[in-house]
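# Summary of structural features
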Amino acid sequence: MGITQDSVRLSIFPLGGVILFPGLQLPLHIFEPRYRAMVGDALARDRKIAMIQPQTSIEGAPLFQVGCVGKIVDVEAMEDGRFNLVLEGQSRFRLVRELDVTTPFRQVEATLIDDPENQVLSAVERAGFEREARSFANAQGYAVDWDSVGRLDDESLINGVSQIAPFDAAAKQALLEAPDLATRCELLVQLMQFFGRREGDDDGQVTLQ
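Counting restarts for each chain, with residues numbered from 1 along the sequence as it is written. With the structure being a predicted model, the display of local features is reserved for residues of pLDDT at least 70 and the display and counting of side-chain atom pairs for 80 or more, all residues being used for whole-chain, interface and lining totals. Computation of side-chain values: all heavy atoms of the structure, hydrogens and water removed.

## Thoughts on the packing of helix 2 (residues 123-140) against helix 4 (residues 154-164)
At a closest axis distance of 12 Å, the pairing of helix 2 and helix 4 adopts a crossing angle of 40°. In this structure, helix 2 crosses over helix 4, and the sense of that crossing is left-handed. Judged by residue contacts, R126, F129 and E130 of helix 2 engage D154, L157, I158 and V161 from helix 4. Charged means Asp, Glu, Lys or Arg here, nonpolar means Ala, Val, Leu, Ile, Met, Phe, Trp, Tyr, Cys or Pro, and polar covers whatever is left, Gly included. Of the residues assigned to the contact of helix 2 with helix 4, the class counts are 4 nonpolar, no polar and 3 charged. For helices, the fitted line uses only the C-alpha atoms of the stretch in contact; every axis is such a line through C-alpha atoms, and the angle between N-to-C directions lies from 0 to 180 degrees. Secondary structure elements are taken from DSSP: a helix is a run of H or I of four residues or more, a strand is a run of E of two residues or more, and numbering for both begins at the N terminus. Should the near helix be turned anticlockwise from the far one by less than a right angle, the crossing is left-handed, and should it be turned clockwise, the crossing is right-handed. Whether two residues are in contact is decided by their heavy atoms: any pair within 4.5 Å suffices.

## Quick notes on the layout of surface pockets
The distinction between a cavity and a pocket rests on a 1 Å grid over the protein atoms alone: a 1.4 Å probe fits inside a cavity but cannot get out, while a pocket stays open yet meets protein on both sides within 12 Å along at least five of seven lines, and a residue with an atom within 4 Å of a point counts as lining. Grid points are joined across faces, edges and corners, and a volume is the space filled by probe spheres set on the points. Put simply, the largest pocket is a space of about 400 Å³. Around the largest pocket, the lining is made up of 19 residues, and of these V144, V149, G160, V161 and I164 lie nearest the centre. Among the secondary structure elements, those contributing two or more residues to the lining of the largest pocket are helix 2, helix 3 (146-151) and helix 4. Considering only residue class, the lining of the largest pocket consists of 16 nonpolar, 2 polar and 1 charged. As a volume, the second largest pocket reaches approximately 290 Å³. P22, D115, P116, E117 and E155 are, among the 18 residues lining the second largest pocket, the residues nearest its centre. For the lining of the second largest pocket, the secondary-structure elements that each account for two or more residues are strand 5 (83-98), helix 4 and helix 6 (181-197).

## Here's the deal with the pattern of salt bridges
Here, a salt bridge means any Lys or Arg side-chain nitrogen found within 4 Å of an Asp or Glu carboxyl oxygen. Summed over the entire model, instances satisfying the criterion amount to 10 salt bridges. Of the charged contacts in the structure, one is a salt bridge between R45 and D46, with a shortest N-O distance of 4.0 Å. The closest approach of N and O atoms between E109 and R97, which form a salt bridge, is 2.6 Å. Of this pair, E109 sits in strand 6 (residues 107-112) while R97 sits in strand 5; the two residues are 12 residues apart in sequence, bridging distant segments of the chain. Buried, partly exposed and exposed residues are distinguished by accessible area as a fraction of the type maximum, computed with a 1.4 Å probe on protein chains only: under 20%, between the cut-offs, and over 50%, respectively. Residue classification places E109 among the buried positions, given a relative accessible area of 3%. Here the residues in one salt-bridge network are E32, R34 and E59, joined through shared partners.

## A short note on empty space enclosed by the protein
Under the criterion given, the structure shown has 1 cavity of 30 Å³ or more. Its boundaries defined by the atoms lining it, the largest cavity holds a volume of some 30 Å³. What lines the largest cavity is V18, I19, L20, M51, I52, Q53, G67, C68, Q173 and L176. For the lining of the largest cavity, the elements supplying multiple residues, two or more each, are strand 3 (48-52), strand 4 (66-77) and helix 5 (169-177).

## Describing the side chain of K172
Along the chain, K172 turns up in helix 5. The convention is simple: Lys and Arg are positive, Asp and Glu are negative, and His and the chain ends are not counted. For K172, which is buried and forms no salt bridge, the nearest opposite charge comes from D168, at a distance of 8.8 Å. A 3.5 Å cut-off defines polar contacts: any pair of N or O atoms within that distance qualifies, except that in protein one atom must be a possible hydrogen donor and the other a possible acceptor, and neighbouring residues in sequence count only when both atoms are side-chain atoms. Of note is the side chain of K172, whose polar atom sits 2.9 Å from the backbone oxygen of A165. In this structure K172 touches G17, I19, Q53, S162, Q163, I164, A165 and F167, once residues within four positions along its chain are discounted.

## Describing the packing of aromatic side chains
Pairs were defined over the aromatic rings of Phe, Tyr and Trp, the Trp ring being its six-membered one, requiring ring centres within 6.5 Å. Orientation was assigned from the angle between planes: stacked under 30 degrees, edge-to-face over 60, tilted for the rest. As enumerated under the stated definition, the model contains 2 aromatic pairs in all. With a centroid separation of 6.3 Å and 65° between ring planes, the pair formed by F136 and F167 is classed as edge-to-face. Of the two residues, F136 sits in helix 2 while F167 sits in the loop between helix 4 and helix 5, which places them 31 residues apart along the sequence. Across this residue pair, the class does not change: F136 and F167 are buried.

Structure, rendered in structure tokens:
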């Protein structure tokens, strides 16, 4: 069965605990031979690599349903074959099926998600998020330039925090799969509150699993 007209073929980098959003950047260090081959293939074609989380850490584990296509915007090729590169998010995608391929890296059929552009929060949503973020940062001992945060647009702020937040794979996946910015913002607030309540736990990590 071939790729349908409404879907695309993507080479994937399955990495647990790591998500990418459209418009944001993600630095990666590529050292495994199969992913070095994937980067070489991407550089020879369209410079695109799809980030998606596996559901477990087991080799060849099933994948979550939503990921993000990234384009290589900066690359440093090292003498031993490794790469340092920067991916810039292009579009979220929804998994259709994994393909049977002969390449050392996995490939999937997927449909691109048409996210609305320039989403904004209400003043109440933005203020509520920043208030919770300050509380969360203070509790965790993070140093934050709040003046710079205040100058970010809503999408850069909410998606940026979602991408770097110290939550587990399931929590980060829920943020990535949120259908719109307001829903993602609400979920982020809930996760920060939950994290704070678990502060005395041994592992100190949020989990939705």
